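Topology and contacts: notes
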Amino acid sequence: MSGTIHYRACHLCEAICGLEITTRGAEIISIKGDKADPLSRGHICPKAVALKDIHEDPDRLRAPVKRVGDSWQEISWPEALETVASRLLESRECHGADSMAIYAGNPSVHNYGMMTHPQYALGYLRTRNRYSAT
Ligand code: SF4
């Protein structure tokens, strides 16, 4: 099978299995376990194979969207981040810091920045409300 091979870690759960992803252009040709991965040694579960379905799902969000009336309008990342930051500030000023809550799950605990710096980034929210399945 020809194509470009990418070695990645599955980010869907704590096992962090090694993946061998073959692509041709923007298309995913196959997703298999990486036999050289020292922990998973080539084993993966069906969820990793289904990453192709998620990647190709026409309903997957590929850019931030904003609700305008009854529909959704695509916006830029700077506008999305500015909107979220200003709305969080507004909420805190109107209702106090505990009007906000933080939920940490797999995507964030597999992110290096979120592993090392959340106390700075999320600490500024000063909310007592923190949730996690772990
Ligand atoms: S392949 Fe399955 S078991 Fe391995 S990290 Fe992904 S979801 Fe978890």
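The notes below deal with the structure included here. (Residues numbered from 1 in each chain as written. Predicted model: local features only at pLDDT ≥ 70, side-chain atom pairs only at ≥ 80, totals over all residues. Heavy atoms only, no water.)

Sheets are built from strands that pair by backbone hydrogen bonding, the pairs being arranged parallel or antiparallel. Read from one edge to the other, the open sheet built from three strands follows the order 1-2-3, with strand pairing classed as antiparallel. Looking along the sheet, the strands with just one partner apiece sit at the ends: strand 1 (4–9) and strand 3 (27–33). Taking the axes of each pair of neighbouring strands and ignoring which way they run, one obtains an average angle of 25 degrees across the sheet. Taken together, the six bridges between strand 1 and strand 2 (residues 18–24) define a ladder with antiparallel strand orientation. By the bridge assignment for strand 2, Y7 is matched with E20. (Pairing = 2+ DSSP bridges. Helix = DSSP H or I, 4+ residues; strand = E, 2+ residues; numbered from the N terminus. Axes fitted to C-alpha atoms, helices over the stretch in contact; angles between N-to-C directions.)

Neighbouring residues of the ligand: C10, L12, C13, A15, I16, C17, I44, C45, K47 and A48. When grouped by side-chain class, the residues that make up the shell around the ligand number nine nonpolar, no polar and one charged. (Near = heavy atom within 4 Å. Nonpolar A, V, L, I, M, F, W, Y, C, P; charged D, E, K, R; others polar.)

Once that is clear, we can look at the nonpolar core. If you look at the biggest cluster of nonpolar residues, it comprises seven residues: C10, L19, I21, I28, I31, A48 and L51. Elements with a minimum of two residues in this core: strand 2 and strand 3. Setting aside residues up to four positions removed in sequence, L19 forms contacts with H6, Y7, R8, A9, C10, I31, K32, D34, I44, A48 and L51. (Core = buried A, V, L, I, M, F, W, Y, C linked by side-chain atoms within 4.5 Å. Buried < 20%, exposed > 50% of the residue type's maximum accessible area, 1.4 Å probe, protein only. Contact = heavy atoms within 4.5 Å.)

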